[in-house]
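Descriptive structure summary
The lines below spell out each chain.
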Amino acid sequence: MRVRVEQTALPGIGVRHDMVTESGRRLGVVSHRNGRRDLVLYDPDDPDGCSADIPLTDDEAEALADILGASLILGQLSGLREQAAGLLTEQIAIPASSPYVNRPMGDAKIRSRTGASIVAVLRGGEVIVSPVPTFRFAAGDVVVVVGNRQGLDGVGAIFADNDLTG
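Residues numbered from 1 in each chain as written. Predicted model: local features only at pLDDT ≥ 70, side-chain atom pairs only at ≥ 80, totals over all residues. Heavy atoms only, no water.

**Details of the nonpolar core**
Test applied: Throughout this description, the term nonpolar core refers to a set of buried Ala, Val, Leu, Ile, Met, Phe, Trp, Tyr and Cys residues connected via side-chain atoms within 4.5 Å. Three labels apply to residues, based on accessible area from a 1.4 Å probe with only protein chains included: buried if under 20% of the type maximum, exposed if over 50%, partly exposed otherwise in between. Here a strand is any run of E in DSSP of at least two residues, a helix any run of H or I of at least four, and the numbering for each starts at the N terminus. We call two residues in contact whenever any of their non-hydrogen atoms come within 4.5 Å of each other.
Ile118, Phe137, Val143, Val145 and Phe159 are the most contacted members of the largest nonpolar core, which totals 19 residues. With 4 residues, the single largest contributor to this core is helix H4 (residues 149–160). With near-sequence residues (within four places) excluded, Val145 lies in contact with Leu88, Thr89, Glu90, Ile92, Ala116, Ser117, Ile118, Leu152 and Val155.

Here it is as structure tokens:
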């Protein structure tokens, strides 16, 4: 079962990530703009009320993540390695001469033309995860692509090509 994590922007403060456990308890992490993190346990009788707020240093947050995730992540990675033989990830820069600069991602039809998928775009130090089809490319964007070797090569060719017919 996948756990749903909700992200909420907190203007002037940072970002809050919340989840509900299988037993119905709601908990979250508030990541402040200044780098501080708080582990938050919500009141079971009032989902907007906080019953515990535990500030965490960077070292404490890292230790908690290690405790909670180390064995799970290692197990998932070993399983992924077996399942993903031939699956590659590559970063491909979009040149200024690309016909897709200032055009929506959907126009490139990457997945239908190559079988590869764009999973993120890196732009000026920002990471845009799972860009939507209306996302517009800019010169210098770096797309993070997942697929086989042929698909990744095809994506590079599409962004360099002058043929917009797709």
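The discussion continues.
**Considerations on unusual backbone geometry**
A positive phi angle, close to 50 degrees, is found at Lys109, a residue other than glycine. Mapping Lys109 onto the fold places it in the loop between helix H2 (105–108) and helix H3 (110–114). By relative accessible area, Lys109 is classed as partly exposed at 42%. A positive phi angle, close to 50 degrees, is found at Ser130, a residue other than glycine. Relative to the elements of secondary structure, Ser130 occurs in the loop between strand E8 (126–129) and strand E9 (142–147). For Ser130, a relative accessible area of 53% corresponds to the exposed category.

**Comments concerning the pairing of strand E7 (residues 117–123)**
Within a regular strand, the side chains alternate between the two sheet faces. The following threshold applies: In this scheme, strands are said to pair when DSSP sees at least two bridges between them.
For E7 and E9, the ladder comprises 5 bridges, and the chain directions are antiparallel. Within E9, the residue paired with Ser117 across the bridge is Val146. Count of turn residues in the E7/E8 antiparallel hairpin: 2 residues, of which Gly124 carries a positive phi of about 50 degrees.

**Details of the pattern of salt bridges**
Just so we agree on the cut-off: Throughout this description, the term salt bridge denotes a Lys or Arg side-chain nitrogen within 4 Å of a carboxyl oxygen of Asp or Glu.
On inspection of all chains with the given rule, the structure shows 9 salt bridges. Among the ionic pairs, Arg36 bridges to Asp38, the shortest N-O distance being 2.6 Å. Overall, the relative accessible area of 39% leaves Arg36 in the partly exposed class. The class for Asp38 is buried, based on a relative accessible area of 3%. With a closest N to O distance of 2.7 Å, Asp141 and Arg123 form a salt bridge. Remark: Arg123 occurs in strand E7 and Asp141 occurs in the loop between E8 and E9; sequence separation between them is 18 residues. A relative accessible area of 28% places Arg123 in the partly exposed class. Because the salt bridges share partners, they merge into one network encompassing Arg16, Asp18 and Arg26.

**Notes on the pairing of E9**
In terms of burial, E9 is largely enclosed, as 5 of its 6 residues are buried. Note: strand E6 (residues 88–93) against E9, 6 bridges, orientation antiparallel. In the strand pairing of E9, Leu88 is matched with Gly147.

**Structural notes on the environment of Gly24**
Mapped onto the elements, Gly24 comes out in the loop between strand E2 (14–20) and strand E3 (26–32). Here Gly24 falls in the partly exposed class, since its relative accessible area comes to 48%.

**Some details on the packing of aromatic side chains**
Definition in use: Only Phe, Tyr and Trp rings take part, Trp by its six-membered ring, and two of them pair if their centres are within 6.5 Å. Stacked means planes under 30 degrees apart, edge-to-face means over 60, and tilted covers everything else.
Considering all chains together, one arrives at 3 aromatic pairs under this definition. Ring geometry for Phe135 and Phe137: centres 5.9 Å apart, planes at 85 degrees, overall edge-to-face. For Phe137, a relative accessible area of 1% translates into the label buried. When the ring of Phe137 is compared with that of Phe159, the centres are 5.1 Å apart and the planes differ by 80 degrees; the resulting orientation is edge-to-face. Separated by 22 residues along the polypeptide, Phe137 in the loop between E8 and E9 and Phe159 in helix H4 bring together distant segments of the chain. Counting every residue linked through ring pairs, the aromatic cluster contains Tyr100, Phe135, Phe137 and Phe159.

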